[in-house]
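Residue-level structural notes
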Amino acid sequence: SFRPESKNLLKPRSVVSQATAASLEEYVKERGGDRPIKRILIANNGMAATKAMLSMRQWAFLTLGDVNAIEFVAMATPEDLNANAEFIRLANEYVEVPGGKNSNNYANVPLICKVAQEQGVDAVWPGWGHASEKPELPDSLDKIGVKFIGPGGRVMSLLGDKIAANILA
């Protein structure tokens, strides 16, 4: 059985200062939320993952004044590691996952949920392609108390149905 193990790249898990954490919690409460997202699993690779982390770090800096307000744990295949992929270097930590076809890794809903739970993340960003279009991903994450950054499973199912999508439009 595959057991994901986190590799710390940059800083210890306590990278977010208490002031930044308080600022993030205040930001969320002011907007009617009740759960700040401080740690995100990036369940995608390549340019999608790179752009996502850069954009979220920019938001954190512009909004909270701290580029490290959010921690990123990236899933990485042996192929990604061998290529010295930029998205891995941008993450605070990475978790090596099986290589090969995407059903082994980035499209593998049970694996994504397992990694999310074991790494103690608040949310999962699936990017596009891979598992991002599988309604079972947001539903499975919800069951383990992890937020899905994207549409819910019901909406995703409806949008996958062209007739229902046209009715919604």
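Description of the structure in this document.

Our next topic: helix H5 (residues 109–119). Those residues of H5 that sit buried are Val109, Leu111, Ile112, Cys113, Val115, Ala116 and Gln119. N-capping of H5 is provided by Asn108, with a side-chain oxygen placed 2.9 Å from the backbone N of Leu111.

Let's shift gears to helix H1 (residues 18–30). Counted at 1.5 Å a residue, the expected span for H1 with its 13 residues is 18 Å, and the 18 Å between its end C-alpha atoms agrees. Of all the residues in H1, the buried ones are Thr20, Ala21, Leu24 and Val28. Across the axial projection of H1, the buried residues extend over an arc of 100°, all falling on one side. Relative to its buried face, H1 has exposed residues pointing more than 90 degrees away, namely Gln18, Ala19, Lys29 and Glu30. Looking one or two residues beyond H1, the residue adopting positive phi is Gly32, at roughly 85°.

So, about the environment of Ile40. Along the chain, Ile40 falls in strand E2 (residues 39–42). Note on Ile40: relative accessible area 2%, which makes it buried. Each C-alpha atom, one on Ile40 and one on Asp122, is 6.0 Å from the other, the two residues being 82 residues apart in sequence. Residues in contact with Ile40, not counting those within four places in the same chain, are Met56, Ile70, Glu71, Phe72, Val73, Val121, Ala123, Trp125 and Ile149.

Here the focus is unusual backbone geometry. In the Ramachandran plot, Asn84 falls in the positive-phi region, its phi being about 55° despite a non-glycine side chain. Structurally, Asn84 is set in the loop between helix H3 (78–82) and helix H4 (86–90).

The next thing to look at is a nonpolar patch on the surface. Nonpolar side chains collect at one region of the surface, where Phe61, Leu62 and Val67 lie side by side and expose about 310 Å² of accessible area between them. Its place among the elements puts Leu62 in helix H2 (residues 46–64).

Another aspect to go through is the packing of H1 against H2. Helices that pack against each other are described as a pair by the angle of their axes relative to one another and the distance between those axes. Two elements in contact, H1 and H2, have axes whose closest approach is 11 Å; the angle formed by their N-to-C orientations is 90°. In terms of axis orientation, H1 runs roughly perpendicular to H2. Each of Ser23, Leu24 and Tyr27 in H1 lies in contact with H2, whose residues at this interface are Trp59, Thr63 and Leu64. Its residues assigned to classes, the contact of H1 with H2 comprises 4 nonpolar, 2 polar and no charged.

Definitions and limits used
- Residues numbered from 1 in each chain as written.
- Predicted model: local features only at pLDDT ≥ 70, side-chain atom pairs only at ≥ 80, totals over all residues.
- Heavy atoms only, no water.
- Buried < 20%, exposed > 50% of the residue type's maximum accessible area, 1.4 Å probe, protein only.
- Helix = DSSP H or I, 4+ residues; strand = E, 2+ residues; numbered from the N terminus.
- Polar contact = N/O pair within 3.5 Å; in protein donor to acceptor, adjacent residues only side chain to side chain.
- Expected span 1.5 Å × (residues − 1).
- Arc of directions from axis to C-beta.
- Contact = heavy atoms within 4.5 Å.
- Patch = residues over 30% accessible without salt bridge, like charges linked within 9 Å, V, L, I, M, F, W, Y side chains within 5 Å.
- Areas by Shrake-Rupley, 256 points an atom, 1.4 Å probe, with all protein chains shown as cover.
- Salt bridge = Lys/Arg side-chain N within 4 Å of Asp/Glu carboxyl O.
- Axes fitted to C-alpha atoms, helices over the stretch in contact; angles between N-to-C directions.
- Parallel < 35°, antiparallel > 145°, perpendicular 65-115°, else oblique.
- Nonpolar A, V, L, I, M, F, W, Y, C, P; charged D, E, K, R; others polar.

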